[in-house]
Amino acid sequence: MKAGPSLEEIRRHNLGTLLRHVHISGSLSRAALTDRMGLNRSTILGLVSELASAGLVREELPRDTGRAGRPSLVVRPESDQAYVLAFDVGVDRLTAARIGLGGTFLDRRETLLSPGHRGAREVTEALVGFARQTVGSARQGTVCVGVGAAVRGTVRRSDGTVRAAPYVDWMDEEFGADLTRRLGLGVPVTVENEASLGALAEHLRGAGTGCQDLVYLHGDIGIGGGIISGGHLLGGDSGYGGEVGHMLVNPRDGRRCGCGARGCLEAEAGERALLEAAGRGPSDTGREAVRAVVEAADRGDISARGALHDIGDWLGIGVANLVNLLNPRTVIFGGTLREVFLGSAAQIRSRINSHALTPSREHLKLRVGELGDDAVLIGAAELAFSQLLVGPVEALAQNEGGRTHAVTDPR
């Protein structure tokens, strides 16, 4: 007969659950925590006291209650006590942030990448420099509890190896291991595909809040996808799940994709396809070029409108396939696809109605991301916080090295 969890395991679980509620939802009263967790008031009091002693939460009066009498105290996350580093490795830029418990941005830095400086070594050096600056500016006594990094490519989840990132010419780069060694913070460093992290962020804090089954489509130079199934990020056997941009949609005479195949969704509906259909030249690239096409279409530009119509066709076919396969409640368009969706929503919906099964689409919601260009960075931060939210007190004890405020960079 298998023994049940020990009292210590139950306590650890309850501490993590309470901290997660406060981290995601912000200020919550003890009564609200009691209702959410199904525990009695004295147990909640004990958990709050332990987390407060560890410096992870604080209790204070609520702001502007508008009620007569003495207001109840609320529990808030201590945003500047425990923090993570979040990195977003884009095709044309690097972004780094120090993000505190509760999702508060404490520091943010960004630099553009030139084509000759996108190798894994150069990117790692730049991220280590960002980390040195942002950790050095943190208040003394605060602790870094994790690092999360997003890349546009196929990532082996177990060790952060980037198996393929065609748009930056990476192949089997041991990015996670190198970044861990060079940072030298003694905290977990996790690497994940950018669209998966965008899905996680929108699920927890954005347009997918409360939705347990969603697909997130992220537009950059290509199209990435992240899938939340039953409230959990879908990764597959090794972490390569969710590569929806390489779904075959045009097998007969499709465009050449960066992966080497023809007719992939990102080849037919990605940035390059849109810009070429709108008559833009090869020098027009990036977010602003995509947004310029959408704005031109709004002003009545015939070429821009036609391009959005064509791209909407392919996007709609891709989404219809995903709806038939996964039956999501919500599909969220993020990155540059946010603007593309707003300019081609009618065509996308038409294709879905024509090609998706009626039972699978009858409750479907199409949404644009609410977190904007920060979605991927926020998702990287949530990934980095995961160990703290499983065992808060133990994670703080293990991550004492994060209090040194020094990035060692042993090279």
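Residues numbered from 1 in each chain as written. Predicted model: local features only at pLDDT ≥ 70, side-chain atom pairs only at ≥ 80, totals over all residues. Heavy atoms only, no water.

*Asks:* Looking at this structure, how should I read the environment of Gly-369?
*Replies:* Looking at the element boundaries, Gly-369 is found in the loop between β16 (365–368) and α13 (375–390). Given the relative accessible area of 5%, Gly-369 is considered buried. Between the alpha carbons of Gly-369 and Val-22 there is a distance of 23 Å; along the sequence they are 347 residues apart. Dropping the residues within four chain positions of it, Gly-369 is found in contact with Glu-202, Ala-207, Ile-332, Phe-333 and Arg-338. (Helix = DSSP H or I, 4+ residues; strand = E, 2+ residues; numbered from the N terminus. Buried < 20%, exposed > 50% of the residue type's maximum accessible area, 1.4 Å probe, protein only. Contact = heavy atoms within 4.5 Å.)

*Asks:* Just to check I follow, could you spell out the packing of helix α1 (residues 7–25) against helix α2 (residues 30–37) for this structure?
*Replies:* Helix packing geometry: the angle between the two helix axes and the distance between the axes. Packing of α1 against α2 brings their axes to within 11 Å, and their N-to-C directions diverge by 120 degrees. If you check the angle between α1 and α2, you find them oblique. In this structure, the crossing between α1 and α2 has a hand that is right-handed. Between α1, through Asn-14, Thr-17, Leu-18, His-21, Val-22 and Ser-25, and α2, the contact on the second element is made entirely by Leu-33, Arg-36 and Met-37. (Axes fitted to C-alpha atoms, helices over the stretch in contact; angles between N-to-C directions. Parallel < 35°, antiparallel > 145°, perpendicular 65-115°, else oblique. Left-handed = near helix turned anticlockwise from the far one by under 90°.)

*Asks:* How should I be thinking about the pattern of salt bridges in this particular structure?
*Replies:* If you walk through the whole model with that rule in mind, you get 28 salt bridges. With its nearest N and O atoms 2.4 Å apart, the salt bridge here joins Arg-11 to Glu-50. In this pair, Arg-11 sits in helix α1 while Glu-50 sits in helix α3 (residues 41–53), placing the two residues 39 residues apart along the sequence. Note on Arg-11: relative accessible area 23%, which makes it partly exposed. By relative accessible area, Glu-50 is classed as partly exposed at 26%. Its salt-bridge partner being Arg-139, residue Asp-80 comes within 3.6 Å of it at the nearest N-O pair. (Salt bridge = Lys/Arg side-chain N within 4 Å of Asp/Glu carboxyl O.)

*Asks:* Got a minute to help me understand the pairing of strand β6 (residues 104–112) in this structure?
*Replies:* Look at any regular strand and the pattern is simple: side chains alternate between the two faces of the sheet. Examined bridge by bridge, strand β5 (residues 93–100) and β6 share eight bridges and lie antiparallel to one another. Among the inter-strand pairings, Thr-95 is bridged to a residue of β6, identified as Glu-110. Where β5 hands over to β6, the hairpin turn is made up of three residues, of which Gly-102 adopts a positive phi near 95 degrees. (Pairing = 2+ DSSP bridges.)

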